[in-house]
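What follows is each chain in one-letter form.
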Amino acid sequence: MSAVESPGPVVEPTERRPARVAELFLLVLALGAGITAFAMVGRSMTGDLPDGFWPKSTALAVVALGAHVVLRIRAPWADQVILPAVVFVNGIGLAMILRLELADMSGANAWSSLLYTSLGAVVAALLVWFLRDHRWIRKLTYTAMLVGLGLVALPLIPGVGQEINGARIWVNVAGFSMQPAEFAKIAFAIFFAGYLVTNRDTLALAGPRVLGLQLPRLRDLGPIIIIWAASLGVLVFERDLGTSLLFFGLFVAMLYLATQRFSWILIGLVLFAAGAVLATSIFPHVAARMDVWLHPFDADLYDSGASYQIVQGTFAMASGGLFGTGWGEGYPYLVPFAFSDFIYSSLGEELGLTGLLAILIAYLVIVQRGLRTAIAVRDGFGKLLAGGLAFVMALQLFVVVGGITRIIPLTGLTLPFMAQGGSSLLANWIVIALLLRISDNARRPSVLPVRGTVAPGGALNDPIVVGDDAGTPALGTPVRRSVADGPGTGPAPSAPTEAIDPAWGPDHGGERR
């Protein structure tokens, strides 16, 4: 009988920290695109570099490189493509706002947008720096729900809410305007992720099967009915079709991610369609939006100004053609709110279809990397949160671009990172910070062996057990122990043959792998 070998020293896999050279290289290209756009705008419109060219360029470079340094120190394993893509679209958006400001368009302010970009990047850097594990946010599940509902209801408070262009989606506090729905989408994503990771088994398995669809139980429909009612409330009382669609689409998409049941998508689409038809037939402002969408070139609608913006935006994109008129050579200022709601049509006129496709590809890269992070992260809460944040950005992109191109009715949402608006810039930088933090945890090499593998340096037949030299279990301390040569000889392994993650458990927001 062979003696049992004493446990050897623990051998943990190590991997060199990434130098993030790829991210730095891509950041240089993204900064080059934005700063070159600044210079081309000035050369075209004034014959020289625009006023404040060097301060603006330096500020954008400091924002991008500062975020890069923070990631190298606190999140070295984070995705290396997300930040450069964000800097690229942010820089192009700032260049277009600068171009409209030089054309003396009322409301366009490149310095203000750059200030909020810098503030958003600082907030994102602080979030990455101090939030070491995204699973901590799961403790705020129901707090996030209350915060989200409070933010949605804030514009309805008399004296605080402010109606602009027929939509009551703004609040004015101490002279500062804010669109609280931009932050509410983050709070709702956190709440949905925490709620669904706890209740997904009930939502996925319980309920009758009708016509090939696994339907949920009636009592499980409660959350989706509440969100449906809240979405209709936003649509009716705040007259904001875009935010209503954004919130409801986020919840239905995260339900599908959690349960993989197509019936939730079908139910969600039916409920939203029914609510939209009901609102169109009852409320005049919703019906007016539908008329503008279906008949924008109607003479009465155009002469009254109802469809003037969408028609001018369509003409602007048509004038751009394939390659655009060039920076400073078009007439984007003829479109109302060309620096915010209709910045996409402004870019289409001066950059053409080619430029618009490049911008869309950059956005799709951000969304794709977010969804890839959701697939790679190990815990269920992180999967749902990353997937929800990536989807809400994709849905917002679709709602904005779809409204301008008349695929869907026009909404009041803004294009993330490009349109002028402090609330949008701040909120979307926070979304990027959360995605980067989750991707760092997803890509960071674990000291724990993967199921079905052996500890580094061990024999192929050595099981992985949890325990210390005295046999007392010690979480997170994988050691090797040999098995006797033959059956019945030597002690059989009584501990689990896989490592246990010390972060596992409902208190930590993790789940068994």
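The shown structure was predicted, so the numbers you read here are calculated from the model rather than taken from an experiment.

A.B. asks: Could you clarify how one ought to interpret the overall build of the protein chain in this entry?
C.D. replies: Scanning the protein chain from terminus to terminus reveals 15 helices and seven strands. Evaluated residue by residue, the protein chain yields a buried proportion of 49% over its 513 residues. Taking the contacts inside the protein chain whose residues are at least 6 apart along the sequence as the reference set, 71% of them involve residues at least 24 apart. On the protein chain, roughly 23,400 Å² of surface is accessible, and the fraction owed to carbon and sulfur atoms is 66%.

A.B. asks: How do you make sense of helix H1 (residues 21-46) when you look at a structure like this?
C.D. replies: Given 3.6 residues per helical turn, the α-helix brings residues three or four places apart onto the same face. The first and last C-alpha atoms of H1 sit 37 Å apart over 26 residues, in line with the 38 Å expected at 1.5 Å per residue. Residues of H1 that are buried: Glu23, Leu27, Ala30, Leu31, Gly34, Ala37, Phe38, Ala39, Val41 and Gly42. Turning to H1, the residues buried within the fold contact helix H2 (53-74) and helix H3 (82-102). Among the residues trailing H1, Gly47 stands out with phi positive, at a value near 80 degrees.

A.B. asks: Even after reading the chapter, I still don't get unusual backbone geometry, so can you show me in this structure?
C.D. replies: Across the chain, the bulk of peptide bonds are trans and the bulk of non-glycine residues have phi less than zero. Non-glycine residue Arg20 carries a positive phi angle of around 55 degrees. Along the chain, the position of Arg20 falls in the segment before H1. We note that Asp104 has phi near 60 degrees; this positive angle belongs to a residue other than glycine. Locating Asp104 in the fold gives a position in the loop between H3 and helix H4 (110-130). Taking relative accessible area as the criterion, Asp104 reaches 70% and is therefore assigned exposed.

A.B. asks: What's the story with the packing of helix H14 (residues 380-404) against helix H15 (residues 422-443) in this structure? I'm lost.
C.D. replies: How two helices pack is summed up by the angle between their axes together with the distance between the axes. The interhelical angle for the contact between H14 and H15, taken along N-to-C directions, is 145 degrees, at an axis separation of 10 Å. Handedness of the H14/H15 crossing: left-handed. Between H14 and H15, the residues in contact are Gly382, Leu385, Ala386, Leu389, Met393 and Gln396 and Asn428, Val431, Ile432, Leu434, Leu435 and Ile438, respectively. Classifying every residue of the contact of H14 with H15 gives nine nonpolar, three polar and no charged.

A.B. asks: Explain the packing of aromatic side chains here, please?
C.D. replies: Working definition: an aromatic ring pair is given by the centre-to-centre distance plus the angle between the planes. For the coordinates displayed, the defined rule picks out 12 aromatic pairs. On the basis of an interplanar angle of 70 degrees and a centroid distance of 6.0 Å, the ring pair of Tyr331 and Tyr333 is categorised as edge-to-face. Taken together, the ring pairs in this structure connect Tyr142, Phe188, Phe191, Phe192, Tyr195, Phe247 and Phe251 into an aromatic cluster. Sitting over the face of the ring of Trp129, Arg74 holds its NZ or CZ atom 4.6 Å from the ring centroid.

A.B. asks: Explanation requested: a negative patch on the surface in the structure shown.
C.D. replies: There is a patch of like negative charges on the surface, built from Asp291, Asp298, Asp300 and Asp303. Along the chain, Asp303 turns up in helix H11 (residues 299-303).

A.B. asks: Looking at this structure, how should I read the pattern of salt bridges?
C.D. replies: Between side chains of opposite charge, a pair can form as their charged atoms come close. This structure, assessed with the given rule, holds eight salt bridges. A salt bridge links Asp133 to Arg135; its shortest N-O distance comes to 2.8 Å. Linking Arg444 and Asp440 is a salt bridge whose minimum nitrogen-to-oxygen distance equals 2.7 Å. In this structure, a network of salt bridges that share partners links the residues Asp79, Arg369 and Arg443.

A.B. asks: Can you walk me through the side chain of Gln396 in this structure?
C.D. replies: Of note, Gln396 is situated in helix H14. Setting aside chain neighbours within four positions, we find Gln396 in contact with Glu182, Lys185, Leu246, Leu413, Thr414, Pro416 and Asn428.

A.B. asks: Looking at this structure, how should I read H15?
C.D. replies: When the terminal C-alpha atoms of H15 are compared, their 32 Å separation across 22 residues agrees well with the 32 Å that a helix rising 1.5 Å per residue should span. Of all 22 residues that make up H15, 21 are buried, and the element is covered over most of its length.

Rules of the game
Residues numbered from 1 in each chain as written. Predicted model: local features only at pLDDT ≥ 70, side-chain atom pairs only at ≥ 80, totals over all residues. Heavy atoms only, no water. Helix = DSSP H or I, 4+ residues; strand = E, 2+ residues; numbered from the N terminus. Buried < 20%, exposed > 50% of the residue type's maximum accessible area, 1.4 Å probe, protein only. Contact = heavy atoms within 4.5 Å. Areas by Shrake-Rupley, 256 points an atom, 1.4 Å probe, with all protein chains shown as cover. Expected span 1.5 Å × (residues − 1). Axes fitted to C-alpha atoms, helices over the stretch in contact; angles between N-to-C directions. Left-handed = near helix turned anticlockwise from the far one by under 90°. Nonpolar A, V, L, I, M, F, W, Y, C, P; charged D, E, K, R; others polar. Phe/Tyr/Trp six-rings, centres within 6.5 Å; stacked < 30°, edge-to-face > 60°. Lys NZ or Arg CZ within 6 Å of the ring centre and 35° of its normal. Patch = residues over 30% accessible without salt bridge, like charges linked within 9 Å, V, L, I, M, F, W, Y side chains within 5 Å. Salt bridge = Lys/Arg side-chain N within 4 Å of Asp/Glu carboxyl O. Lys, Arg positive; Asp, Glu negative; His and termini not counted. Charge placed at Lys NZ, Arg CZ, Asp CG, Glu CD.

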